[in-house]
Amino acid sequence: MLPLLSINWNPDPELFNLFGISIRYYGLLWIIGLAFAYFIVRKEYRDRKIADEKFDSLFFYCFFGILIGARLGHCLFYAPEYYLPNFWEIVLPVKFLPDGGWKFTGYEGLASHGGALGLIFVLWLYCRKTKMHYMDVLDMIAVATPITACCIRLGNLMNSEIIGRPTDVPWAFVFERVDSIPRHPGQLYEAIAYFIFFLGMVYLYKKSHNGTAYGRGFFFGLCLTEIFIFRFFIEFLKENQVNFEDGMTLNMGQWLSIPFVIIGIWCMRSALKRKKA
């Protein structure tokens, strides 16, 4: 029996089709999220009076780091048995068909943990090139990260993917493309939480003299801690993404979140200790 106020959810994931190429809400929301981050971090650079030429290449480092990391994270963490024998489907946004043809699909599968690792790595390369302090850059990126994560989860909602477990709460969603069972809208929970985290980060950043009052690494640590603690607990309301998780005490997303939380807490404590000293 459907809950009284359940929401039937069945949007077309495709916004429009351009010369046979599907333009989806998911991709559009990724771009919107990155655009928000672009303008926020640009303002942070200017607030700190960092030369524009040092910012110009940052977006490209971030874009490719997140995309490559998120793609590899999905393929290697969640479906290595399929993608390792089908290497080119990791690299190319297509699916090769049994008859020898191929179909453009976009990158179907991006993992946030892999995106975080990819971003952290490419920012290290960026700082080596620009001679900027690594923690300064991580702190500035961290302020913008939650709003990008919010947009990505809204993209998941439009795709009716990463669905929640069955529930009888009055705001349950019936994801008609999946089944007729009322479920937690886990994507929406995450999007709302990340938007709140973003507002909190902006407030603390402004209050702390452009992020300097708490010490280097504090905002990076705060971002990791709040996002991945929430990610750990929200997984209890979400369906497992792959079959092998069914026999696990904690699913893959939870196991991958734990190291990020530990690193985040360590970064915050270290930043506050250094500032106090």
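Refer to the structure printed above.
Every value quoted in this text rests on a predicted model; they were computed, and no experiment measured them.

Novice: Which parts of the structure should I look at to understand the sheet that holds strand 7 (residues 182-183)?
Specialist: For sheets, the rule is that strands pair by backbone hydrogen bonds, running either parallel or antiparallel. Taken together, the three strands give an open sheet; going across it, the order is 1-6-7, and neighbouring strands pair in mixed fashion. Two strands in the sheet have a free side with no partner beyond their single neighbour: strand 1 (7-9) and strand 7. Pairing geometry for strand 1 and strand 6 (residues 173-175), over three bridges, is parallel. Paired with W9 across the strands is F175, a residue of strand 6.

Novice: Which parts of the structure should I look at to understand the environment of R274?
Specialist: Mapped onto the fold, R274 is located in helix 10 (residues 252-276). Sequence spacing of R274 and R216 is 58 residues, and the spatial spacing of their C-alpha atoms is 8.4 Å. Reaching out from R274, the side chain makes a polar contact with the backbone oxygen of R216 at a distance of 2.6 Å.

Novice: For this particular structure, what's the right way to read the pattern of salt bridges?
Specialist: Pairing between side chains of opposite charge can happen when their charged atoms approach one another. Evaluated as defined, the whole model comprises 13 salt bridges. A salt bridge links D47 to K43, with the shortest nitrogen-to-oxygen separation between them at 3.2 Å. Residue D47 and its partner K43 are located together in helix 1 (residues 25-47), separated by four residues, close to a single helical turn. Linking R183 and E239 is a salt bridge whose minimum nitrogen-to-oxygen distance equals 2.7 Å. Separated by 56 residues along the polypeptide, R183 in strand 7 and E239 in the loop between helix 9 (218-234) and helix 10 bring together distant segments of the chain. Classification of R183 as buried rests on a relative accessible area of 6%. Overlapping salt bridges bring together R153, E190, R231, E235 and K238 as one network.

Novice: Can you walk me through unusual backbone geometry in this structure?
Specialist: Peptide bonds are trans in most cases, and residues, glycine excluded, mostly fall at negative phi. Its identity as a non-glycine residue notwithstanding, K131 has a phi of 65°, on the positive side. Mapped onto the elements, K131 comes out in the loop between helix 6 (112-130) and helix 7 (134-158). Residue K131 is classed as exposed on the basis of its relative accessible area, which comes to 70%. Positive phi, close to 55°, is recorded for S160, a residue that is not glycine. Within the secondary structure, S160 is located in the loop between helix 7 and strand 6.

Rules of the game
Residues numbered from 1 in each chain as written. Predicted model: local features only at pLDDT ≥ 70, side-chain atom pairs only at ≥ 80, totals over all residues. Heavy atoms only, no water. Pairing = 2+ DSSP bridges. Helix = DSSP H or I, 4+ residues; strand = E, 2+ residues; numbered from the N terminus. Polar contact = N/O pair within 3.5 Å; in protein donor to acceptor, adjacent residues only side chain to side chain. Salt bridge = Lys/Arg side-chain N within 4 Å of Asp/Glu carboxyl O. Buried < 20%, exposed > 50% of the residue type's maximum accessible area, 1.4 Å probe, protein only.

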